[in-house]
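Letter by letter, the chains look like this.
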Amino acid sequence: MKVELNRDVLVDLAGWSVLKEARVLHEAGRVKHFEWQDKLLKGEVAGAGTSFFPRLNLRSLTFAENRCNCATGRRGSVCAHAIALCLASMETPTQAEPTEMTAQASEGGEGSTPKPHSVQSLVLSESKGISARFRILLPPNLARAAPQDRIAVRIEFELASGVTCLLQQIDRGKAYQLAVWDQALAGMVESLCGGKLHSMLQLTRAQLRDLLSCVAGQPVVAWLKEREQAIPWKGDELDGVHLHLREPREAGSESRVQHGPGMQSAVAPSTASGNARRTDRLNRSTAGLQRVQVDGSPHFLAVTLPSREDPSYSEIHALLQAWRFRLEPSNGKWWLRDRHHVLNFLAEHWERFRTAFQAQFSSNFSERLRNVRFLEMTAEVIELGNGVELRITASEGISEASLRQQLARGRCYLESDANVWLLQPERLKQLELLVKRLTGDPAAESIIGFAVRGGNSDACDWQALLEDSGLNYAAPEQWTSRSAAIRNLSKLEEAPVPGQLYDRLRLYQKIGVAWMHHLYRHQLGGILADEMGLGKTIQAIALLSVIASQESAAPALVVCPAGLVGNWMRELRQFAPWLRTACHHGAARSATTDGWTAPYDVVVTSYSTLAIDRAGFAGVNWSIVIGDEAQHIKNRRTQHARSLKQLRCDGRFLLTGTPIENSVDDLFSLFEFLMPGYLNSTANPRGKSADRQWHMERMRERCAHYILRRTKTQVAPELPEKLEQVLYCDMEPEQRSLYDRIRKSSSQTLDRLQMGGVSQGQLKMAAFTELLRLRQVCADPRLVDASLDASMSCKLAAFRELLQESIDGGHRMLVFSQFVSALQLLKQELEQLDLPYAYIDGSTRDRLAEADRFNADSRIPVFLISLKAGGTGLNLTGADVVVHFDPWWNPAVEAQATDRAHRIGQTRTVTAIRLIVSGTVEEKVQLMQQEKRGLLDALFDESASLSARLRFEDIQSLLED
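Residues numbered from 1 in each chain as written. Predicted model: local features only at pLDDT ≥ 70, side-chain atom pairs only at ≥ 80, totals over all residues. Heavy atoms only, no water.

(A) Structural detail: the overall build of the chain. Counting its regular elements, the chain contains 37 helices and 43 strands. Counting all 961 residues of the chain, 52% fall into the buried class. (Helix = DSSP H or I, 4+ residues; strand = E, 2+ residues; numbered from the N terminus. Buried < 20%, exposed > 50% of the residue type's maximum accessible area, 1.4 Å probe, protein only.)

Quick look at the structure:
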């Protein structure tokens, strides 16, 4: 049964960039055949020198599985070849019939008409667009450049008026009318240049042929030095051009596109390295080349080097010299005559000679070493009543003590009766690292006879470690399947979300709900850390709906910041009106436990209310507890964190776009709530910095399995671009003088405190106070001295210019600041200009009403917002300009604020502007932000993370001149 496919489904399956690459393959005729077998789509896609055979299993559009012999397909991801099959299968006879557009195109020449192409870099309009076309200019040295596959091509954009410009110079603010062949050409250039349009390309012959096929028959191709005279077409080929584009090289399926200075480069998947390896193997097996030959016994080795033409000759020769083999000129063999050295050499390099060098071993060697073998180790996972136990054992009952004794004597082998067991040093290092990670002890060394116990939450981590170790291991089927679905989202089962809500979920949101539901069913917790604006709330509501539909389900609890309680109640009513919801917040809240829970499905409260009424909350058995904006419990010593951990529930989840704000230590507090005890084995030591770093890395590894993070570029490619820029402001002399005086005074104050022997905590608080004054001077000098004149503020002057430019351009602006007093000054400025505005700070009672007023009334050009009060939980897609009036330590907090506008529902490009005063503490804060951005990226990319907690020395450096 054929699956119904469309563009949106394909974007959800693979992403926009893969779809664009697939379109190039499809439009170039690379799909040779395809067929449906129930919901399995398979076929062949031709490459340059090889063919690809994708098999796309669409058992569920939410959890598609793909296998292909390309690099992407081998990882199980949906590749361009699979999507190319989808595009071919979507064609129907009606699509092949001539339309008005294709009929118009056919009048221009004899070539075949390409299909209309979706262009992302330009706004197209058939009725109101400016008529334009593309022109392709070929180099005069085509004959010499083509065999090297380095053909420089220039593409220009020509308006109907005759004005010509480079593609980078096209006015993106206007709409254009393009013929079908020009749309196809633009789409191909986008696919080659990473989604953008560039005029200067360096192409292979195959790529230029594909590019020219887009404009077949059209008089738009010319030589660079004869640009006014179009090259004539002869059938499907250009006179004097295509003859140089035949016989493309066989190096790979796709090639690298190189650009001139300043241009971007786009790299498509290549099989060049695979072909090189195949060629190398063929060279090794060629009869004319002699391979390395090995003879010997446990007491000696005799090695004959391969032919000098063999690529491995130099490597083998150097290896034999390093191990002190001696050349015997009479027979040309290299000899090693010492039992101890022979067995050590075999332990380290026997496998390498067999696999990498493809050595030929003599029958004498095989016979004499029949009792010499590698020590085999096995891991076994045994299911216990409340968890599992993992054991590592060795063949023949060899003990850890005997292994360590031999290694201490410099012997990589063990002798037992008539057998010799080789100990591979690299293999032993891998196993030692495995044990260290399993135990959480960087000093652990025991391997054989090792055993460790864990719970269900350890399944993902242990299975990943065992697979990396290469050990043979057996694990309970249920234990393995539980972790497999977490590590490979395509193996998840869809959650039974009610139909009304299910239809409103996007594909990535359905995956998020299925992921949380899988964890919930297995008594595990997790962090949904999708980027701001991707709908974490609706995913959580879908999970709550699934749980509430179960028979005799206990009520669920949602805990969020006080300012988001109203937002949660609104979202619950909007997306799941069938859920019985209660709000436990404010002075009029119920005083009894029954009033909180019966007969409700979901109770919403705030962190502060939970801390006040924690005894009552702790007495309820909740079906699930969801903590929103989880950074509120990053410090495990706070009342918020302690109150949340005291709750009794079957499932625990956290929602946040920033799981760490200061350091990886924040994760420890989050997981103490999610899965108590899970990180105990990797607790942060107070010992050596190297051990601390090891523990931080191990903690990150274990946490990564239970954090689901998707970015907008991955799952919402239709979202408009977000542009970020820094606007540097230069102080006037009066403001600079005030800043320098306060900075000097601050340094002297801290020096006196240090010399007075105050504690580090007192010193740090004093430094923050002095730093605050400097930041206030940067924002507006009137914040430290109300008698000063507004003309002293360079930021206020910059704000006036931005405001005027925004209004003139038809934009609407959000302005964030940490200083409510600065927002009050901006309010005065807007009132003097007689401009309407919206406003939120900590004293605003109904933030949602103010947000709705701004979104509904396009006449309001500015929204002034306190970063703390309005940086989260609001949907403000009515704005497309975001101004950060003063910088904050953590870039993730600023990103959350920007994403009030850049989120699902936004249709315009969002511009985020940071106002920074040059040569001040604000500029230094920018550098500090880069550290924290790297910390967040490291966590989400599953790479190393470093502690970035702010120290007194960090603060002091900000105060220096």
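Picking up after the structure, the text goes on.
(B) Region of the structure containing the sheet that holds strand 36 (residues 652-655). Sheet architecture is open: seven strands sit in the order 31-32-30-34-36-29-37, paired in parallel fashion. Only two strands of the sheet have a single neighbouring strand rather than two, namely strand 31 (581-584) and strand 37 (707-708). Of the strand pairs in this sheet, strand 34 (residues 625-628) and strand 36 are connected by four bridges, and their pairing is parallel. When the sheet's bridge partners are listed, Ile626 is paired in strand 36 with Phe653. Sheet strands in contact with helix 20 (residues 536-548) are strand 29 (526-528), strand 30 (556-560), strand 32 (602-606), strand 34 and strand 36, and its direction is about 160° off that of strand 36. (Pairing = 2+ DSSP bridges. Contact = heavy atoms within 4.5 Å. Axes fitted to C-alpha atoms, helices over the stretch in contact; angles between N-to-C directions.)

(C) Highlighting the nonpolar core. Judged by nonpolar contacts, the single largest core of 79 residues is most densely connected at Trp568, Leu644 and Phe671. When sequence neighbours within four positions are dropped, the list of residues in contact with Trp568 reads Thr537, Ala540, Ile541, Val558, Cys560, Val604, Asp628 and Leu655. With 45 residues, the next largest nonpolar core counts Leu122, Met188, Val189 and Leu238 among its residues. (Core = buried A, V, L, I, M, F, W, Y, C linked by side-chain atoms within 4.5 Å.)

(D) Molecular detail of the side chain of Ser297. Tracing the sequence through the fold places Ser297 in strand 17 (residues 293-297). Residue classification places Ser297 among the buried residues on the basis of a relative accessible area of 3%. In contact with Ser297, not counting residues within four places along its chain, are Val342, Arg368 and Leu369.

(E) Highlighting the pairing of strand 32. In terms of burial, strand 32 is a largely internal element, five of the five residues being buried. Neither face of strand 32 is left uncovered, since the one carrying Val602, Val604 and Ser606 and the one carrying Val603 and Thr605 both have all their residues buried. With five bridges joining them, strand 30 and strand 32 adopt parallel strand pairing. The residue bridging Val559 from the neighbouring strand is Thr605, located in strand 32.

(F) Quick look at the pattern of salt bridges. Per the counting criterion, the structure on display carries 25 salt bridges. Arg853 is the partner of Glu850 in a salt bridge, and the nearest nitrogen-oxygen pair spans 2.9 Å. On the criterion of helical spacing, the pair formed by Glu850 and Arg853 is a turn pair, its members being three residues apart in helix 33 (residues 847-856). When its relative accessible area of 36% is taken as the criterion, Arg853 is described as partly exposed. With its nearest N and O atoms 3.7 Å apart, the salt bridge here joins Arg908 to Asp880. Of this pair, Arg908 sits in the loop between helix 35 (891-898) and strand 43 (910-917) while Asp880 sits in the loop between helix 34 (867-870) and strand 42 (881-884), and the two are 28 residues apart along the sequence. (Salt bridge = Lys/Arg side-chain N within 4 Å of Asp/Glu carboxyl O.)

(G) Local environment of helix 4 (residues 80-90). Of all 11 residues in helix 4, 10 are buried, a share of seventy percent or more. By the burial criterion, the buried members of helix 4 are Ala80, His81, Ala82, Ile83, Ala84, Leu85, Cys86, Leu87, Ala88 and Ser89.

(H) Region of the structure containing the state of the cysteines. Scanning the entire structure with this criterion turns up zero disulfides. Cys70 takes part in no disulfide bond, and the closest cysteine sulfur to it belongs to Cys79, at a distance of 3.7 Å. When its relative accessible area of 5% is taken as the criterion, Cys70 is described as buried. Between Cys794, a free cysteine, and Cys729, which holds the nearest cysteine sulfur, the sulfur-to-sulfur gap is 4.9 Å. (Disulfide = S-S within 2.5 Å.)

(I) Structural context of the packing of helix 17 (residues 477-487) against helix 19 (residues 507-521). Interhelical geometry of helix 17 versus helix 19 gives an angle of 155° and a closest axis separation of 10 Å. With respect to helix 19, the element helix 17 is oriented roughly antiparallel. The hand of the helix 17/helix 19 crossing is left-handed. On helix 19, the residues that touch Ser481, Arg482, Ala485 and Ile486 of helix 17 are Trp515, His518 and Leu519. When its residues are assigned to classes, the contact of helix 17 with helix 19 shows four nonpolar, two polar and one charged. (Parallel < 35°, antiparallel > 145°, perpendicular 65-115°, else oblique. Left-handed = near helix turned anticlockwise from the far one by under 90°. Nonpolar A, V, L, I, M, F, W, Y, C, P; charged D, E, K, R; others polar.)

(J) Quick look at the environment of Thr355. In this structure, Thr355 sits in helix 12 (residues 339-355). A polar atom in the side chain of Thr355 sits 2.8 Å from the backbone oxygen of Glu351. (Polar contact = N/O pair within 3.5 Å; in protein donor to acceptor, adjacent residues only side chain to side chain.)

(K) Quick look at helix 17. Of the positions making up helix 17, those classed as buried are Trp479, Arg482, Ser483, Ala485 and Ile486. Projected down its long axis, helix 17 carries its buried residues within an arc of 155°, all on one side. Buried residues belonging to helix 17 abut strand 23 (377-383), strand 24 (388-394), helix 16 (459-469) and helix 19. (Arc of directions from axis to C-beta.)

(L) Broad picture of the pairing of strand 24. Counting buried residues along strand 24, five of its seven residues qualify, which places the element largely inside the surrounding structure. Inspection of the sheet shows strand 23 paired to strand 24 by seven bridges, in the antiparallel sense. For Ala379, the partnering residue across the bridge sits in strand 24 and is Ile392.

So, to be careful, I would describe these as geometric facts and stop short of saying anything about function.
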